[in-house]
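# Observations on the three-dimensional arrangement
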Amino acid sequence: MPSTIMGLPAHPLIIHAVVVLIPLAALSAIVVAIWPAARERYASLALGVATVALVAIPLATHTGELLEAHVKRTPLVERHTEMADGLLPFAALLWLGLAVLVFVRWYGAKRNVQWGRYLTVAAAIVAVVGAVASGVQVARIGHSGAAAAWHGVDTSSSGQAARGHR
């Protein structure tokens, strides 16, 4: 995996896939888990989005490790790195719940199974728990990354006005 894309660090570019796809997968998982009509129509699509998001996480983590070698090590960077390492299990839980929902829908359509209803409820719970945990973790990781990147940078309009009047 290259550390840059067209001369820019790859990490900020790749994390946008995670930042967009994890919340999208989480919202679609919640809808699919609690709304049977949506499950029939969109469970496979939700699983596809969750799959791409799940694959994007190790890519984002890897490019983050490459970028980490080029930035100053601070407690904020350390915290961001540690938090990012915790996203994959939550996203895997989300993916697993959706995968079981899709499997039960597919398998149950071919055969009338008694256990399908119970497995659907269990998978829906797993998907919702994974969705909420993933969504919260992405927000926390994003905030910590922004804090690490922008720490010490004056972004206030008064700071810009003061520099402009010198």
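Each remark here, short or long, concerns the structure printed above.
Bear in mind the structure is a predicted one, so any value in this text is a computation, not a measurement.

As a further point, take the overall build of the chain. Looking only at helices and strands, one finds six helices and two strands in the chain. Along the chain direction, N to C, the helices and strands of the chain fall in the order β-β-α-α-α-α-α-α. For the chain, the proportion of its 166 residues judged to be buried stands at 33%. Relative to all contacts within the chain whose residues are 6 or more apart in sequence, the contacts with residues 24 or more apart total 79%. Of the roughly 10,100 Å² of accessible surface on the chain, a fraction of 69% belongs to carbon and sulfur atoms.

If you look at the biggest cluster of nonpolar residues, it comprises 35 residues, and the most contacted ones within it are V18, I22, L98 and L101. Elements with a minimum of two residues in this core: α1 (10-34), α2 (36-68), α3 (75-85), α4 (87-110) and α5 (116-150). In contact with V18, other than residues within four places in its own chain, are P23, A56, I57, A60, L87 and V138.

This brings us to a nonpolar patch on the surface. Taken together, the side chains of L93, L96, V121, I125 and V129 make up a nonpolar region of the molecular surface, amounting to roughly 410 Å² of accessible area. At the level of elements, α4 and α5 are the ones that each hand at least two residues to the nonpolar patch. With three residues, the top contributor of residues to the nonpolar patch is α5. Tracing the sequence through the fold places V121 in helix α5.

You can see R39 is positioned in helix α2. One buried charged residue, R39, remains without a salt bridge, the closest side chain of opposite sign being E40 at 6.3 Å. A polar side-chain atom of R39 sits 2.8 Å from the main-chain carbonyl oxygen of A33. For R39, the contacting residues outside a window of four places in its chain are V32, A33, I34, L101, R105 and T120.

On to the packing of α1 against α5, then. Taken N-terminus to C-terminus, the directions of α1 and α5 make an angle of 150 degrees; their axes are 9 Å apart at the nearest point. In this view, α1 runs roughly antiparallel relative to α5, as classed from their interaxial angle. Along this stretch, α1 crosses α5, giving a crossing that reads as left-handed. Taking contact as the criterion, the partners of V18, V19, I22, A26, A29, I30 and A33 in α1 are, on α5, A124, A127, V128, A131, V132, S134, G135 and V138. Per-class residue counts for the contact of α1 with α5 are 13 nonpolar, two polar and no charged.

On to the packing of α1 against α2. Geometrically, a packed helix pair is captured by the angle between its two axes and the distance between the axes. Where α1 contacts α2, the two axes come as close as 7 Å, and the packing angle between them is 155 degrees. Overall, the two elements α1 and α2 adopt an arrangement that is roughly antiparallel. Regarding α1 and α2, the two cross each other, and that crossing is left-handed. Classifying every residue of the contact of α1 with α2 gives 28 nonpolar, four polar and one charged.

Our focus in this paragraph is the environment of A33. Looking at the element boundaries, A33 is found in helix α1. Expressed as a C-alpha distance, the spacing of A33 and L101, which sit 68 residues apart in the sequence, is 7.9 Å. Ignoring anything within four residues of it in the chain, the contact list for A33 reads R39, L101, A124 and V128.

Locating I5 in the fold gives a position in strand β1 (residues 4-5). In contact with I5, other than residues within four places in its own chain, are A10 and L13.

The rules behind the values
Residues numbered from 1 in each chain as written. Predicted model: local features only at pLDDT ≥ 70, side-chain atom pairs only at ≥ 80, totals over all residues. Heavy atoms only, no water. Helix = DSSP H or I, 4+ residues; strand = E, 2+ residues; numbered from the N terminus. Buried < 20%, exposed > 50% of the residue type's maximum accessible area, 1.4 Å probe, protein only. Contact = heavy atoms within 4.5 Å. Areas by Shrake-Rupley, 256 points an atom, 1.4 Å probe, with all protein chains shown as cover. Core = buried A, V, L, I, M, F, W, Y, C linked by side-chain atoms within 4.5 Å. Patch = residues over 30% accessible without salt bridge, like charges linked within 9 Å, V, L, I, M, F, W, Y side chains within 5 Å. Salt bridge = Lys/Arg side-chain N within 4 Å of Asp/Glu carboxyl O. Lys, Arg positive; Asp, Glu negative; His and termini not counted. Polar contact = N/O pair within 3.5 Å; in protein donor to acceptor, adjacent residues only side chain to side chain. Axes fitted to C-alpha atoms, helices over the stretch in contact; angles between N-to-C directions. Parallel < 35°, antiparallel > 145°, perpendicular 65-115°, else oblique. Left-handed = near helix turned anticlockwise from the far one by under 90°. Nonpolar A, V, L, I, M, F, W, Y, C, P; charged D, E, K, R; others polar.

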